[in-house]
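Structural overview
Spelled out from the first residue to the last, the chains are:
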Amino acid sequence: MADPIKLYPSKPSKVYFFGTCLVDMFYPDAGMAGIQLLEREGIEVIFPQDQTCCGQPAFTSGYHDEARAVARAQLGLFPEDYPIVVPSGSCGGMMRKHYPDLFKGTEDEVRAAEVAGRIWELTDFLLNVCHIKLKDAGEPTTVAMHTSCSARREMGVAEVGPKLLGQLDNVNLVEQVRAEECCGFGGTFAIRHPEISSAMVSEKVDALVDTGAREFVTTDCGCLMNIHGYAEKNQKAMSGQHILSFLWDRTGGDKGERS
Amino acid sequence: MSDTARHSPHHVDVKEFHPRAHEALHNPQIRQNFRKAMDGLMTKRKSAFEGWDLETLRDLGANVRMRALANLPDLLEQLEQKLTENSIKVHWAVDGDEACRIVRDICKARDAKTVIKGKSMVSEEMELNHYLKEQGIEALESDLGEYIVQLAEETPSHIIMPAIHKNTGEISKLLHEKTGTDLSNDVEYLTAAARLQLREKFMNADVGVSGVNFAVAETGTLCLVENEGNGRMTTTVPKCHIAVTGIEKVVPNLEDVSALLALLTRSATGQHITTYFNMISGPRKAEELDGPEEVHVVLVDNGRSSIYQDDELLDTLRCIRCGACMNHCPVYTRVGGHTYGTTYPGPIGKILMPHLIGLDEGRHLPSASSLCGACGEVCPVKIPIPDLLVRLRQESVDGDKLHPAKVRGHGAKRNAVEAMIWKGWSWMHAHPGAYRFGTNLAARFRMLQPGKMGSWTQFRTSPKLAPKTLHEQLKERGQ
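Residues numbered from 1 in each chain as written. Chains lettered and ligands numbered in written order. Predicted model: local features only at pLDDT ≥ 70, side-chain atom pairs only at ≥ 80, totals over all residues. Heavy atoms only, no water.

Counting secondary structure elements, chain B contains 23 helices and 10 strands. Here chain B has a C-alpha radius of gyration of 25 Å; the compact-globule value for 479 residues is 23 Å, and the two agree. For chain B, the C-alpha atoms occupy an extent of roughly 90 × 55 × 50 Å along the three principal directions. Sequence separation of at least 24 residues holds for 72% of the intrachain contacts in chain B that already meet a minimum separation of 6. For chain B, the accessible area works out to roughly 20000 Å², and carbon and sulfur atoms hold 55% of it. (Helix = DSSP H or I, 4+ residues; strand = E, 2+ residues; numbered from the N terminus. Rg over C-alpha atoms; globule rule 2.2 N^0.38 Å. Contact = heavy atoms within 4.5 Å. Areas by Shrake-Rupley, 256 points an atom, 1.4 Å probe, with all protein chains shown as cover.)

Next up on the list: the overall build of chain A. Summing up its helical and strand segments, chain A has 13 helices and 8 strands in all. Taken over C-alpha atoms, the radius of gyration comes to 18 Å for chain A, in line with the 18 Å a tight globule of 259 residues would show. With respect to the principal axes defined by its C-alpha atoms, chain A has extents near 55 × 50 × 35 Å. Taking all 259 residues of chain A together, 64% fall into the buried category. Put simply, 81% of the contacts in chain A that link residues at least 6 apart link residues at least 24 apart. Averaging the positions of the 25 positive and the 36 negative side-chain charges in chain A gives two centres separated by 3 Å. (Buried < 20%, exposed > 50% of the residue type's maximum accessible area, 1.4 Å probe, protein only. Lys, Arg positive; Asp, Glu negative; His and termini not counted. Charge placed at Lys NZ, Arg CZ, Asp CG, Glu CD.)

Mapping Arg-460 of chain B onto the fold places it in the loop between helix H22 (454–459) and helix H23 (470–476). For Arg-460 of chain B, a relative accessible area of 0% puts it in the buried group. With residues up to four places along the chain from it excluded, the contact list for Arg-460 of chain B reads Ala-190, Ser-197, Ser-198, Asn-226, Gly-229, Tyr-230 and Lys-233 of chain A together with Ser-455 of chain B. Polar side-chain contacts of Arg-460 of chain B include one of 2.4 Å to the side chain of Asn-226 of chain A. (Polar contact = N/O pair within 3.5 Å; in protein donor to acceptor, adjacent residues only side chain to side chain.)

Overall, the coordinates contain 5 cavities of 30 Å³ or more when judged by the stated rule. Computed from the structure, the largest cavity encloses a volume of approximately 110 Å³. Around the largest cavity, the lining comprises 14 residues; the ones closest to its centre are Ser-61 and Arg-192 of chain A together with Ser-367, Arg-393 and Lys-413 of chain B. When residues of the lining of the largest cavity are traced back to their parent elements, those giving at least two are helix H10 (189–192) of chain A together with helix H19 (385–396) of chain B. Taken together, the residues of the lining of the largest cavity sort by class into 3 nonpolar, 6 polar and 5 charged. (1 Å grid on protein atoms, 1.4 Å probe; cavity = no way out; pocket = protein on both sides within 12 Å on 5 of 7 lines; lining within 4 Å. Points joined across faces, edges and corners; volume = space filled by probe spheres on them. Nonpolar A, V, L, I, M, F, W, Y, C, P; charged D, E, K, R; others polar.)

It is worth spelling out the interface of chain A and chain B at this point. At the junction of the two partners, chain A supplies 68 residues and chain B supplies 71 residues. Counting each side, the surface lost to burial between chain A and chain B is near 6200 Å², with a carbon and sulfur contribution of 58%. Linking chain A with chain B are 14 salt bridges, by the criterion used here. With a shortest N-O distance of 2.9 Å, Arg-35 of chain B and Glu-181 of chain A are connected by a salt bridge. Counting across the chain A and chain B interface gives 40 residue pairs in polar contact (both at pLDDT 80 or more). Among the elements of the structure, helix H1 (21–25), helix H2 (28–40), helix H3 (56–60), helix H4 (64–75), helix H8 (149–154), H10, helix H11 (194–210) and helix H12 (221–233) of chain A are those that each provide at least two residues to the side of chain A that touches chain B. (Buried area = accessible area lost by both parts, 1.4 Å probe. Salt bridge = Lys/Arg side-chain N within 4 Å of Asp/Glu carboxyl O.)

With that settled, consider helix H11 (residues 187–204) of chain B. Residues separated by three or four positions in an α-helix point in the same direction, a consequence of the helix having 3.6 residues per turn. Residue and element names in this part refer to chain B. Taking 1.5 Å per residue, 18 residues should reach 26 Å; H11 reaches 27 Å between its end C-alpha atoms and fits that length. Among the residues of H11, those classed as buried are Leu-190, Ala-193, Ala-194, Leu-198 and Phe-202. For H11, the elements touching its buried residues are strand E2 (114–117), strand E3 (138–141), helix H9 (144–151), helix H10 (168–179) and helix H12 (230–236). (Expected span 1.5 Å × (residues − 1).)

This structure, assessed with the given rule, holds 48 salt bridges over all chains. Of the charged contacts, one joins Arg-304 of chain B and Glu-125 of chain B as a salt bridge, the two residues approaching to 2.9 Å between their closest N and O atoms. Placement of the pair is Arg-304 of chain B in helix H14 (residues 304–308) and Glu-125 of chain B in helix H7 (residues 121–126), with a sequence separation of 179 residues. Residue Arg-304 of chain B shares its accessibility class with Glu-125 of chain B, and that shared class is buried. Within the structure, one salt-bridge network assembled from shared partners comprises Arg-178, Glu-181 and Glu-203 of chain A together with Arg-31, Arg-35, Asp-39 and Arg-334 of chain B.

Disulfides are covalent bonds that connect the sulfur atoms of two cysteines. Per the stated rule, a full pass over the model turns up 0 disulfides over all chains. The structure places no disulfide on Cys-149 of chain A, whose sulfur is separated from the nearest cysteine sulfur, that of Cys-182 of chain A, by 3.9 Å. The structure places no disulfide on Cys-372 of chain B, whose sulfur is separated from the nearest cysteine sulfur, that of Cys-149 of chain A, by 4.6 Å. (Disulfide = S-S within 2.5 Å.)

This next bit is on the side chain of Arg-45 of chain B. Tracing the sequence through the fold places Arg-45 of chain B in helix H3 (residues 28–48). In contact with Arg-45 of chain B, not counting residues within four places along its chain, are Leu-54, Arg-266, Ser-267, Gly-270, His-328 and Val-378 of chain B.

Here we come to the sheet that holds strand E5 (residues 214–216) of chain B. All names here are of chain B. The strand order E8-E5-E6-E9 describes an open sheet built from 4 strands, whose pairing is mixed. Each edge of the sheet is formed by a strand with only one pairing partner; in this case those strands are strand E8 (250–251) and strand E9 (276–280). When E5 meets E8, the two strands line up parallel, connected through 2 bridges. What sits directly across from Ala-215, in E8, is Val-250. The strands touched by helix H13 (residues 254–268) are E5, strand E6 (221–226), E8 and E9; relative to E5, the strand with the most contacts, the crossing angle is about 170°. (Pairing = 2+ DSSP bridges. Axes fitted to C-alpha atoms, helices over the stretch in contact; angles between N-to-C directions.)

To continue, consider the sheet that holds strand E3 (residues 84–86) of chain A. All names here are of chain A. In spatial order, the strands read E2-E1-E3-E4; together these 4 strands make up an open sheet with parallel pairing. The strands lining the two open edges of the sheet, one partner per strand, are strand E2 (44–46) and strand E4 (119–121). Neighbour to neighbour, the strand axes of the sheet diverge by 40° on average, direction disregarded. In the packing of helix H5 (residues 89–102) onto the sheet, contacts are made with E3 and E4, and the angle to E4 comes to roughly 160°.

Quick look at the confidence of the model for chain B now. Residue and element names in this part refer to chain B. Mean pLDDT over chain B works out to 94, with 98% of the residues at or above the 70 mark. With pLDDT under 50 throughout, residues 1–5 is counted as low confidence; its partners more than four residues away or in other chains account for 10 contacts. The ipTM assigned to the predicted complex is 0.96, against a pTM of 0.96. (pLDDT = per-residue confidence, 0-100.)

For the structure on display, the rule yields 12 aromatic pairs over all chains. Seen from their ring centres, Tyr-16 of chain A and Tyr-82 of chain A are 5.4 Å apart, and the 45° between their planes marks the pair as tilted. Highlighted residues: Tyr-16 of chain A in strand E1 (residues 14–17) and Tyr-82 of chain A in the loop between H4 and E3, separated in sequence by 66 residues. A relative accessible area of 4% means that Tyr-16 of chain A is categorised as buried. Connected via pairs of aromatic rings, a cluster forms that spans Tyr-16, Phe-18, Phe-78 and Tyr-82 of chain A. Above the ring of Trp-120 of chain A, the side-chain terminus of Arg-96 of chain A is found at 4.8 Å from the ring centroid. Positioned above the aromatic ring of Trp-456 of chain B is the side chain of Arg-460 of chain B, whose terminal nitrogen or guanidinium carbon lies 4.3 Å from the ring centre. (Phe/Tyr/Trp six-rings, centres within 6.5 Å; stacked < 30°, edge-to-face > 60°. Lys NZ or Arg CZ within 6 Å of the ring centre and 35° of its normal.)

Structure (structure tokens):
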């Protein structure tokens, strides 16, 4: 569940970037967009090349020994006291909320809790730590937003995306019915219970299409893959993008100004 | 009767979750009935908490329950003593079988032939009706929903609203076929017709059986929450009243009840207050006009004390049976309660039933969740349901050598091939060089990516590997 009170740090000069495995292999543009948005805010971004995955897939599947081995390999990558930003609510949630429990009673307990305390979901970091001001450079458009369940409930950032999109003058954000309902991804849930998952994503796609928007943005690559993939397979007029790619593109990319 | 058969209502095979889910998902009537009902309940809950500091109230509820559980053995002793002082007879049952036998013995001692029942999930857990029938005692459900389910020879598909899977038309047809009422879509007519039939039974029942919502240790009081008045009649009209309850329902003081009651009705049906709230503190006294001559309480363990032994799983016992987790669960909403094949369906069922039936029987339950967290978000007593699901998943595959599994039937879901896959996955992601080599190779040969990826591409297109990983792009940038 979300923190009752979140204490944001003051804007740092450097951050560590944890890219996540899905961003790395399938959506590197979202990762690049996140890094460039941070750099445009004057922050130096450090990307430890030895990072791989937060360990969540094994963790939620019950294979905690395997998850711990992977998570342990990440713990040593952030030696300085800089915030660690993650372009995903679900990997962020894993690292912030579950690392301390996963390492409880091991010699890495303290280190895991220390790393967990520095984890931030990237859009939350941009809005509430960097106090980013976005200047829209795009044509008028209508979008819907799907906030992942982990971003919403574990990281408590459901309000962040709409606030960022609200800064863009030419973007009309429309709300879907049952916005808070899960899209049916759930990591290995989509594979273990394909029919239930598809019933969930089909209703999610219908809700998005019913908004009248033709594109949606989301905080998480898992949801993106699921919703976009279902819409594409079923030829629905709905395509998706990671919110960071969208924000970067809308604000002129490299040419965008800091205001 | 074997232990496991007892806990799978009407001996439904819990392991057949997938085929039942398939059936429910392809039944448009079921899908529509649940979607409509759950949407309504979610809206009502939301408006019932308007103007309340919900988080503070949930904290209060959680604290009441945690405090009660922290002192459970002492509180149970105190409860027994106070109930006895109030002339209520106390019985202890290790499992459902023993609880059934206790009820039967009380009935036999009174030469009872008919039992009228108020709503009780513990009696469902015990399969009491089925057992009594075998013993030649007729048990009739008096809660309207339970009555409908009983007429249909089904089990409840929700813990608060047993017949929520049926719409008015289906209920009308059922009542017409089973009791000869006219076919009608007029809810008032149908309710009145059912009430008429039930009232007659009430007057003649030998024994009344009810559940318990809260048992107050301080005063030896049994609290019963209900809407229809059937519970009150069950506990007052027959000469003998037997209350059955799980041992976890005890709370220390009367004060504790007010916080839990405020949370219970709002979370369950979105009601600010329940229609009837019964506080039973003993049999009829000499000067009183109504009430039973004798009152019994059966305190049922049935696996609860084994949950109690574990600091983490113990949280399961906080549950006050409001059903909010079901109402908000995207999986329950799609497949309905019968799919689970267990007495308690939905999120609470997924964390409670493995203890009652073992993880070998209930192996599919913990995985049937997208871990979206909606259940944990609405739980009035803050049970960390998603965390407990992950814990049970870990126990299902014995996936954590640091924390040995404790739940009966652990390891039943372990599969050699899957375990190997996770081992390989883990090795690759714990070795950055191997990971980069593998992901770079995949990006390079992305044209060879298979178009079909098992059950994923049955419903979706496959995600496309990017030509260059983020690692590579940043390396080129010198990062």
